[in-house]
Amino acid sequence: MLALGLLLNTVGIGLFCWLVFALAVYALPFFVALNIGMMAFHGGAGVVGALLIGIAGGALTLAFGQTALAVARSVALRVAIAAAFAVPAAVAGYNVVLALSQFGEPSSAWREVLACVGAICVGTAWTRLTVFAETRSFEPARLMKQPSHPILTTATREG
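Residues numbered from 1 in each chain as written. Predicted model: local features only at pLDDT ≥ 70, side-chain atom pairs only at ≥ 80, totals over all residues. Heavy atoms only, no water.

Some details on the environment of Arg78
For step 1, the next point in the chain: With respect to the secondary-structure elements, Arg78 resides in helix H4 (residues 75–101).
For step 2, the next point in the chain: A relative accessible area of 22% places Arg78 in the partly exposed class.
For step 3, the next point in the chain: Each C-alpha atom of the pair Arg78 and Ala68 lies 8.0 Å from the other, and the pair is 10 residues apart in sequence. (Helix = DSSP H or I, 4+ residues; strand = E, 2+ residues; numbered from the N terminus. Buried < 20%, exposed > 50% of the residue type's maximum accessible area, 1.4 Å probe, protein only.)

In structure tokens form, the structure reads like this:
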């Protein structure tokens, strides 16, 4: 029974760490959504209105960040946009790893080292943002002589 408990604790902590790494790119939109929602709530929007306004603000922040990253041609601008998403993720990763390391590591120096390593690992999660955003050119699309998709070719010929 003790071995099962240790195994389930290890799996639970592993799943929690995976969730932190997977959701780290959403730290900035969550922060924006929380602040907009709190401002709307204190402005008299009510609980449901503040929740809806906060969700809309967070979604718009993420969409704007991905769009700006996809459209930006300047490397410096792309780095600045990526840093705007990476810095809050790194701060969140630092705090999570610091809190989790207090369970097993009594030395404060080692907790800080582990927290800094966690911040670096989570801070690099901004690459998840670039998965959705491909660089697009502003040139008009050119017609292809032979479409690469055979289903579309046969459908257009039959119709």
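Considering the confidence of the model for the protein chain
For step 1, the next point in the chain: Put simply, the protein chain has an average pLDDT of 78, and 77% of its residues get 70 or more.
For step 2, the next point in the chain: Per-residue pLDDT, averaged within each element of the protein chain, yields its smallest value for helix H7 (residues 150–158) (52) and its largest for helix H2 (residues 27–42) (91). (pLDDT = per-residue confidence, 0-100.)

Some points on a nonpolar patch on the surface
For step 1, the next point in the chain: A cluster of nonpolar side chains, Met1, Leu4, Leu7, Leu8, Val11, Leu15, Trp18, Leu19 and Leu23, forms an exposed patch at the surface whose accessible area comes to about 990 Å².
For step 2, the next point in the chain: Structurally, Val11 can be placed in helix H1 (residues 2–23).
For step 3, the next point in the chain: On the basis of relative accessibility, which here comes to 43%, the residue Val11 falls in the partly exposed class. (Patch = residues over 30% accessible without salt bridge, like charges linked within 9 Å, V, L, I, M, F, W, Y side chains within 5 Å. Areas by Shrake-Rupley, 256 points an atom, 1.4 Å probe, with all protein chains shown as cover. Salt bridge = Lys/Arg side-chain N within 4 Å of Asp/Glu carboxyl O.)

Considerations on the side chain of Thr61
For step 1, the next point in the chain: Its location among the elements puts Thr61 in helix H3 (residues 46–71).
For step 2, the next point in the chain: In contact with Thr61, not counting residues within four places along its chain, are Leu28, Pro29, Val32 and Phe85. (Contact = heavy atoms within 4.5 Å.)

Let's talk about the packing of H2 against H4
For step 1, the next point in the chain: Axis separation between H2 and H4 bottoms out at 7 Å; the angle between their running directions is 85°. Classed by the angle they form, the pair H2 and H4 counts as roughly perpendicular. Contacts between H2 and H4 involve Ala27, Leu28 and Pro29 on the former and, on the latter, Ala84, Phe85, Pro88 and Ala89. (Axes fitted to C-alpha atoms, helices over the stretch in contact; angles between N-to-C directions. Parallel < 35°, antiparallel > 145°, perpendicular 65-115°, else oblique.)

So, H4
For step 1, the next point in the chain: Taking 1.5 Å per residue, 27 residues should reach 39 Å; H4 reaches 36 Å between its end C-alpha atoms and fits that length.
For step 2, the next point in the chain: Along H4, the sharpest change in direction is near 25° and occurs at Ala83.
For step 3, the next point in the chain: Restricting attention to buried positions, one finds in H4 the residues Ile81, Ala82, Phe85, Ala86, Ala89, Ala90, Gly93, Leu98 and Ser101.
For step 4, the next point in the chain: For H4, the N-terminal capping position is held by Ser74, with its side-chain oxygen 3.3 Å away from the main-chain nitrogen of Ala76. (Expected span 1.5 Å × (residues − 1). Bend = angle between axes of the 7 residues up to and from the residue. Polar contact = N/O pair within 3.5 Å; in protein donor to acceptor, adjacent residues only side chain to side chain.)

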